[in-house]
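Residue-level listing of the chains:
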Amino acid sequence: FVKNGKYEENGKYILKSQRDLLLSGKTTLLCEVGEKGELEMTSLYSGTNINHKSIVLSAQSVNINTDESQAVLHSFKDEGLTIEQLTFDLSCSDSLANFVSENENITLKVQLIGSRQVNYTLDKNQIIAIKTSYTFATALKKVQDIENAQRISMQRIGKINLLYKQ
C-alpha cells in the first residue's frame, strides 16, 4: 500500500513486483489499484522519445486498441534516457486488464503507437501481476458495493423505525 498523505487523498495498492518495475526503467504495463477498487494501468516506456499516445494489445488474432482520448502521457528524461508514462482512464484500464486476464495463457504482444512503433511481448510475471491486480480491484469494488448497500439499508431501516415509533 502506497500513500503520500501530503499529496494524495487516497492511497494505492501495488504489487511489489510492479513497484520495482516502476523504478527499473523497463518497458511494460503497470497496474495499481485504488482504495475503492479503481484499477489504473500505465504503459511504461524507456528509450528514445516516441511520444506514444496509444497501444494495441494482441493475443493471436484478437486485439484491443486504445486511443489518445483514453490516456494521459507524462514524459521526462533521466540521465539522457526518455521515460514515458501513458496512464489510461479507468474504463480503458479495466478493459485492458480484463483482456489480459481472459488471455493469460496466450502470448500477449504490446504495440506502442507514437512517432514510431515499439513492439514487445508481455512476460508471464507481468500477466500474472495484471490478472492479480484486476481480481483484487474487482473484489474491492464488490466490497464497496456491499458497504454502500448496507449503508442504504440502514438508512431505510432508520426511516421505517421513525415511522412506526409514532
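Residues numbered from 1 in each chain as written. Predicted model: local features only at pLDDT ≥ 70, side-chain atom pairs only at ≥ 80, totals over all residues. Heavy atoms only, no water.

### A short note on the side chain of Ser133
Item 1. By the element assignment, Ser133 lies in helix H3 (residues 124-165).
Item 2. Leave out the neighbours within four places in its chain, and Ser133 touches Leu15, Cys31, Val33 and Leu39. (Helix = DSSP H or I, 4+ residues; strand = E, 2+ residues; numbered from the N terminus. Contact = heavy atoms within 4.5 Å.)

### Considering unusual backbone geometry
Item 1. A positive phi angle, near 50 degrees, is found at Asn51, a position not held by glycine.
Item 2. Residue Gln60 is not a glycine yet carries a positive backbone phi of 55 degrees.
Item 3. One can find Gln60 in the loop between strand E4 (54-59) and strand E5 (62-65).
Item 4. Residue class for Gln60 comes out exposed when judged on its relative accessible area of 70%. (Buried < 20%, exposed > 50% of the residue type's maximum accessible area, 1.4 Å probe, protein only.)

### Considerations on H3
Item 1. Here H3 spans 61 Å end to end across 42 residues, near enough to the 62 Å set by a 1.5 Å rise per residue.
Item 2. Burial in H3 covers these residues: Gln126, Ile127, Ala129, Ile130, Ser133, Tyr134, Ala137 and Leu140.
Item 3. Looking at the buried side of H3, the elements it contacts are strand E1 (12-13), helix H1 (16-24), strand E2 (28-34), strand E3 (39-47), helix H2 (90-102) and strand E8 (108-113).
Item 4. With a side-chain oxygen lying 3.1 Å from the backbone nitrogen of Asn125, the N-terminal cap of H3 falls on Asp123. (Expected span 1.5 Å × (residues − 1). Polar contact = N/O pair within 3.5 Å; in protein donor to acceptor, adjacent residues only side chain to side chain.)

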